[in-house]
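Chain residues, written in single-letter form:
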Amino acid sequence: MKEKGWKEIPIGGIILEAGNAEKYLTGGWRTFRPILDKEKCKNCLLCWIYCPDGCIIVEEEKTKGFYYEHCKGCGICANVCPFDAIKMEEESKYQQEKSKKESE
């Protein structure tokens, strides 16, 4: 089954069944993307607590990364991190570097 992007969300954003917002990939709205510096991260999980979209990946009580498919790039995770372990990078810069690597 193909997952739906933000353009396929019904008018008014009607979600008829509980928990199905997971089907809508909203990461394409992002202007900035969070980047985790695992060297600086102390796994306090404040980013996980404050993320409004539940985009922080936590495994065995450790921050592992982000669910970019749903991350809107709000920067809350970077703002609450007391260790400066999360930096916000321009999405366009990331996409350009990704395209460059893929073409090599």
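Structure: above.
Residues numbered from 1 in each chain as written. Predicted model: local features only at pLDDT ≥ 70, side-chain atom pairs only at ≥ 80, totals over all residues. Heavy atoms only, no water.

### What about the pattern of salt bridges?
Oppositely charged side chains are able to pair whenever their charged atoms sit close together. For the structure on display, the rule yields 3 salt bridges. Here Arg-30 and Glu-91 are joined by a salt bridge, their closest N and O atoms 2.8 Å apart. Of this pair, Arg-30 sits in the loop between β2 (24–25) and β3 (32–36) while Glu-91 sits in helix α3 (residues 91–103), and the two are 61 residues apart along the sequence. With respect to class, Arg-30 is no different from Glu-91; both count as buried. For the salt bridge of Arg-33 with Glu-91, the shortest nitrogen-to-oxygen distance reads 2.9 Å. Residue Arg-33 is located in strand β3, and its partner Glu-91 is located in helix α3; the two are separated by 58 residues in the primary sequence. Of the two residues examined, Arg-33 and Glu-91, each falls in the buried class. Taken together, the shared-partner salt bridges in this structure form one network comprising Arg-30, Arg-33 and Glu-91. (Salt bridge = Lys/Arg side-chain N within 4 Å of Asp/Glu carboxyl O. Helix = DSSP H or I, 4+ residues; strand = E, 2+ residues; numbered from the N terminus. Buried < 20%, exposed > 50% of the residue type's maximum accessible area, 1.4 Å probe, protein only.)

### Some points on a nonpolar patch on the surface
A grouping of Trp-48, Ile-49, Tyr-50 and Ile-76 is seen on the molecular surface, where their side chains present a nonpolar patch of about 430 Å² in accessible area. The dominant element in the nonpolar patch, judged by the number of residues it contributes, is helix α1 (residues 46–50), at 3 residues. Structurally, the position occupied by Trp-48 is in helix α1. With a relative accessible area of 47%, Trp-48 lands in the partly exposed category. (Patch = residues over 30% accessible without salt bridge, like charges linked within 9 Å, V, L, I, M, F, W, Y side chains within 5 Å. Areas by Shrake-Rupley, 256 points an atom, 1.4 Å probe, with all protein chains shown as cover.)

### Some words on the packing of aromatic side chains
Applying the stated criterion across every chain yields a total of 1 aromatic pair. Relative to Tyr-68, the ring of Phe-66 has its centre 5.7 Å away and its plane inclined at 45°; by these criteria the two rings are tilted. The class of Phe-66 is buried, set by a relative accessible area of 8%. For the cation-ring pair, Arg-33 lies above Tyr-68, with the distance from its terminal atom to the ring centre recorded as 3.9 Å. The lysine or arginine in question, Arg-33, covers the ring of Tyr-94, its NZ or CZ lying 3.6 Å from the ring centre. (Phe/Tyr/Trp six-rings, centres within 6.5 Å; stacked < 30°, edge-to-face > 60°. Lys NZ or Arg CZ within 6 Å of the ring centre and 35° of its normal.)

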